[in-house]
Amino acid sequence: AWSCLDRIEDGQLGKGYRDITPGTERAIEFMQSRQCTLEPVFTGKAMAALLDDLATSPDRRLLFWNTHDQHG
């Protein structure tokens, strides 16, 4: 069964648009080791939030839809 949870996660926003949190840096490095490039403003922060969710709920199925251009 699929369920959808809509929420705003602001824990990775930092102080503003271009502020890169330590969690964002870790998420970018984690994904680079898996041949997936993230940028720090949108996809990096989104992955950081997803990894936080995964750490607290390891049995949940989470989807990360990367819209960052992999071929740019």
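What you see is a predicted model, and the numbers here were worked out from it, not measured in a lab.

J.: Break down the overall build of the protein chain for me, citing the residues and quoting the values.
T.: When helices and strands are counted, the protein chain shows two helices and zero strands. Expressed as a percentage of the 72 residues in the protein chain, the buried residues total 26%. By sequence separation, contacts in the protein chain at least 24 residues apart represent 44% of the contacts at least 6 residues apart. Carbon and sulfur atoms make up 54% of the accessible area of the protein chain, which totals about 5,900 Å².

J.: Break down unusual backbone geometry for me, with residues and values.
T.: Phi is positive for Gln35, close to 55°, though the residue is something other than glycine. Structurally, the position occupied by Gln35 is in the loop between α1 (22–32) and α2 (43–56).

J.: I'd like to hear about the nonpolar core, residue by residue, with values.
T.: One finds Ala27, Ile28, Met31, Cys36, Leu38, Met47, Ala48 and Leu50 forming the largest nonpolar core, which totals eight residues. Residue assignment for this core shows that the elements contributing at least two residues are α1 and α2. Leave out the neighbours within four places in its chain, and Ala27 touches Leu38, Gly44, Met47, Ala48 and Leu51.

J.: Please set out the side chain of Lys45 residue by residue, giving values where relevant.
T.: Following the sequence through the fold, Lys45 ends up in helix α2. Although Lys45 is buried, it forms no salt bridge, and the closest oppositely charged side chain is Asp19 at an N-O distance of 6.3 Å. There is a polar contact of 3.2 Å between the side chain of Lys45 and the backbone oxygen of Tyr17. A polar side-chain atom of Lys45 sits 3.1 Å from the main-chain carbonyl oxygen of Asp19. Setting aside residues no more than four positions away along its own chain, Lys45 makes contact with Gln12, Leu13, Gly16, Tyr17, Asp19, Thr24 and Pro40.

J.: Let's hear about the packing of α1 against α2: which residues, and what values?
T.: When two helices pack together, you describe them by how their axes are tilted relative to each other and by the distance separating the axes. Running from amino to carboxyl end, α1 crosses α2 at an angle of 95°, the nearest separation of the two axes being 8 Å. Our classification of the angle between α1 and α2 gives roughly perpendicular. Every residue of α2 that contacts α1 at Gly23, Thr24, Ala27, Ile28, Phe30 and Met31 is listed here: Gly44, Lys45, Met47, Ala48 and Leu51. Considering only residue class, the contact of α1 with α2 consists of seven nonpolar, three polar and one charged.

J.: Outline the packing of aromatic side chains, supporting the account with residue identities and numerical values.
T.: When we look at a pair of aromatic rings, we describe it by the centre distance and by the angle of the planes. Under the definition given, this model contains one aromatic pair. Centroid distance Tyr17 to Phe42: 5.9 Å. Interplanar angle 70°. Geometry classified as edge-to-face. On the criterion of sequence distance, the pair formed by Tyr17 in the segment before α1 and Phe42 in the loop between α1 and α2 is long-range, its members being 25 residues apart. By relative accessible area, Phe42 is classed as exposed at 54%. Positioned above the aromatic ring of Phe30 is the side chain of Arg34, whose terminal nitrogen or guanidinium carbon lies 3.7 Å from the ring centre.

Reading the values: rules and limits
Here the residue numbering is sequential within each chain, running from 1 through the sequence in written order. Local features in this predicted model are restricted to residues whose pLDDT is 70 or higher, and side-chain atom pairs enter the listing and the counts only when it is 80 or higher, whereas totals over whole chains, interfaces and linings include all residues. Side-chain metrics in this entry use all non-hydrogen atoms of the structure; hydrogen atoms and water are not considered. Helix and strand assignments come from DSSP, with helices taken as H or I runs of at least 4 residues and strands as E runs of at least 2, each series counted from the N terminus. For every residue, the accessible area (1.4 Å probe, protein chains only) is compared with the maximum for its type, and the residue is labelled buried under 20%, exposed over 50%, or partly exposed between those bounds. By definition, residues are in contact when any of their heavy atoms lie within 4.5 Å. In this description, accessible areas are obtained by the Shrake-Rupley approach with a 1.4 Å probe, and a residue is regarded as covered only by the protein chains that are shown. Grouping buried Ala, Val, Leu, Ile, Met, Phe, Trp, Tyr and Cys residues that are joined through side-chain atoms within 4.5 Å yields what is termed a nonpolar core. Note that His is not counted, nor are the chain ends; the positive residues are Lys and Arg, and the negative ones are Asp and Glu. Throughout this description, the term salt bridge denotes a Lys or Arg side-chain nitrogen within 4 Å of a carboxyl oxygen of Asp or Glu. Polar contact criterion, stated in full: a pair of N or O atoms within 3.5 Å, where within protein one must be able to donate a hydrogen and the other to accept it, and residues adjacent in sequence count only if both atoms are side-chain atoms. An axis is simply a line fitted to the C-alpha atoms; with a helix, the fit covers only the stretch in contact. Between two such axes, the angle follows the N-to-C directions and lies from 0 to 180 degrees. By the definition adopted for this analysis, an angle is roughly parallel if under 35 degrees, roughly antiparallel if over 145, roughly perpendicular if from 65 to 115, and oblique otherwise. Put simply, Ala, Val, Leu, Ile, Met, Phe, Trp, Tyr, Cys and Pro go in the nonpolar bin, Asp, Glu, Lys and Arg in the charged bin, and everything else, Gly too, in the polar bin. Ring pairs shown here join Phe, Tyr and Trp side chains whose ring centres sit within 6.5 Å, with only the six-membered ring taken for Trp; geometry is labelled stacked below 30 degrees between planes, edge-to-face above 60, and tilted in between. We call a charge positioned above a ring when the Lys NZ or Arg CZ atom is no farther than 6 Å from the ring centre and deviates by at most 35 degrees from the ring normal.

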